[in-house]
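Here's the letter readout for the chains.
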Amino acid sequence: MPLNYSKWDALEISDDSDIEGHPNVDKNSLIRWKQRDIHEKREARKAKIAYLQAQIACNKVIHPRITTLLAEYDENTKSMPGTKYFNNLIEKMQANPSKECPPGNDPNKIEQTYDGMILNLLQQVADQARKKVKESNATTDGEKEERATKEIHDGLAFHVEELGKEIARHEKELEEELKEQKKHITMDDIHEGFSTKYTPHKDPEPPAPLPVTKPKKEKTKAKKQEIEVLNAGASSSSGAGPSSPTADADSSDDEEGVPELSATLEAFSKLPLRGYEKSWEFIQNHRDVFVPGASDALLVAGFRAQNQGNAKYAKQCVHQSLLIQYCEKLGGDGPRLFFNRMMKGDKRAEGVFLDDVEKTYAAIVNRVEVARQEDAEAGEPKEQIQLVPENPETQISFNVPDGPPPEHLVLEGPGTEDLDIEEVRKALQMRWDVFQAFPEDLQAALKDGSLEAVNKVLGEMEVPVAEQVVESLNLAGILNFADGGIRDETGQGADE
């Protein structure tokens, strides 16, 4: 089968081997001139094609509008003078012109809009009609009106006809220019005929599993009771001695690694109970919620929170842990199925889930109590907060308020002249509010004024709670390491 190379006949190049020129002109210069001539003609052809296309598009908008104006003019001149209708039409277009314009024109310039072009044409028709009426032999007003009406009609009809001819002429020229353009192969004609590309789908890498911390084991470990005191320098004089060394009991944390709670899981664990919409939105934005060990990490965090007395956060951790477990058990599309049921209010499914949460949380509470009993039975000392003076000469006393500040507060004694009575009232009221917020056993110990009784109550508290109590005692001015300052004498005047 012979190959057809006829399509390459339209290839226009500037360095043909058979090019002939003047012997005094070198071939390279002739090639450059021909190349420039080719490019200049090509650009001129492109510009003319663009001009013709723009003219045709614009005239095809104006031509039907002029045709409509002519038909309306002929219809309205049957009932009113033609000049009056024509003048009203011009005034209307001048007062409220449309901003519709050809592409590339400025709609804010009336002469560049379609209405502006039509208005210019109507004004030309009016000027020509006025000129021909003056040149005519009409003498009376009726004759002049009749002649003006006829001239306006003829002017509009002339423009309608000429505009149609111009559109046909431009279309013929455009067809010839496009035909000439297709005779030559240029860079604009190069296009990609067929191409296929396939990029295999790459699944995102799964989140890395949570790191696991394995506590170091010791062969023998002596247990020592440590009492945290406010004054570290006084611990040697009043601290408790070490208890007898015993073997450490084996625990599950020593046998297996404890998964750490990542920052994402920590934020996830703080979402409210039954907040399915917030949990679903959080999971969609954080893929690393579903990682190996996430559920166990939340349960460990719940156990620790319950052991520290934070029951609300412990239950939140259990709730979010079981939420992850249920999603994983439902398969690959588990999260969507689970949250659709919960957010649609499926009472049966939600009841099963919440019942599981309550049972799991109750098991954790029970395990915490068992662990505390085991520690107590094993004689393991509990970390405590105790109040100890810096030295034997320092006495710790408690300035316990007898009640809120009286309505009529009087400041007496040296150094009270510069004190603001309202500020003193606020300080005394704050002291009373802090005292009232303490547990009853601590209030009784403070009223008794015995350091041993206060330390006994503090020793029974969890360390974070005891630290908060000591901070409140110091802030309210109830705890005194030395005499001085403002003392609450509320109620003592009545006793005297």
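Cut-off values and rules
- Residues numbered from 1 in each chain as written.
- Predicted model: local features only at pLDDT ≥ 70, side-chain atom pairs only at ≥ 80, totals over all residues.
- Heavy atoms only, no water.
- Buried < 20%, exposed > 50% of the residue type's maximum accessible area, 1.4 Å probe, protein only.
- Helix = DSSP H or I, 4+ residues; strand = E, 2+ residues; numbered from the N terminus.
- Expected span 1.5 Å × (residues − 1).
- Contact = heavy atoms within 4.5 Å.
- Phe/Tyr/Trp six-rings, centres within 6.5 Å; stacked < 30°, edge-to-face > 60°.
- Core = buried A, V, L, I, M, F, W, Y, C linked by side-chain atoms within 4.5 Å.
- Salt bridge = Lys/Arg side-chain N within 4 Å of Asp/Glu carboxyl O.

S.K.: Can you break down unusual backbone geometry residue by residue, with the values?
M.R.: We note that Arg274 has phi near 60 degrees; this positive angle belongs to a residue other than glycine. Exposure remark for Arg274: the relative accessible area of 46% places this residue in the partly exposed category.

S.K.: A description of helix α10 (residues 311–329) should follow, citing residues and the corresponding values.
M.R.: Relative to the 27 Å expected for 19 residues at 1.5 Å per residue, α10 spans 27 Å between its end C-alpha atoms, a close match to the ideal helical length. Turning to α10, its buried residues are Tyr313, Ala314, Gln316, Cys317, Val318, His319, Gln320, Ser321, Leu322, Leu323, Ile324 and Cys327. Tucked into the core, α10 has its buried residues touching α7 (263–269), α8 (276–285), α9 (294–307), α11 (334–343) and α12 (347–377). After α10 finishes, the residue Gly331 shows a positive phi value of roughly 100 degrees.

S.K.: Describe the packing of aromatic side chains, listing the residues and the values that go with them.
M.R.: In total, this model carries nine aromatic pairs according to the counting rule given. Ring centres of Tyr326 and Phe353 lie 5.2 Å apart, and the angle between their planes is 85 degrees; on these two criteria the pair is classed as edge-to-face. You can see Tyr326 sitting in helix α10 and its partner Phe353 sitting in helix α12, a full 27 residues away along the chain. Seen in terms of ring centroids, Phe338 and Phe353 are 5.4 Å apart; in terms of plane orientation they differ by 70 degrees. Their pairing is edge-to-face. In this pair, Phe338 is assigned in helix α11 and Phe353 in helix α12, connecting sequence segments 15 residues apart. Comparing Phe338 with Phe353, the two get one shared label, buried. Each member of the aromatic cluster is reached from another via a ring pair, and the members are Trp280, Tyr326, Phe338, Phe339 and Phe353.

S.K.: Outline the nonpolar core, listing residues and values.
M.R.: Among the nonpolar cores identified, the biggest contains 31 residues, and Phe268, Val289, Leu323, Ile324, Phe338, Phe339 and Phe353 are the most heavily contacted of them. Looking at this core, the elements with two or more residues in it are α7, α8, α9, α10, α11 and α12. Here this core takes eight residues from α10, the largest share from any one element. The residues touching Ile324, leaving out its near neighbours within four places in the chain, are Leu265, Phe268, Val289, Phe290, Ala294 and Leu298. Among the nonpolar cores identified, the runner-up in size contains 25 residues, and Leu387, Val434, Val463 and Ala476 belong to it.

S.K.: Let's hear about the pattern of salt bridges: which residues, and what values?
M.R.: Summed over all chains, the structure comprises 20 salt bridges. Lys41 is the salt-bridge partner of Asp37, the closest N and O atoms lying 3.3 Å from each other. Residue Asp37 and its partner Lys41 are both found in helix α1 (residues 27–76); the two are separated by four residues, about one turn of the helix. Residue class for Asp37 comes out partly exposed when judged on its relative accessible area of 34%. For Asp333, the salt bridge goes to Arg336, with nearest N and O atoms at 2.4 Å. Under the relative-accessibility criterion, Asp333 is labelled partly exposed at 35%.

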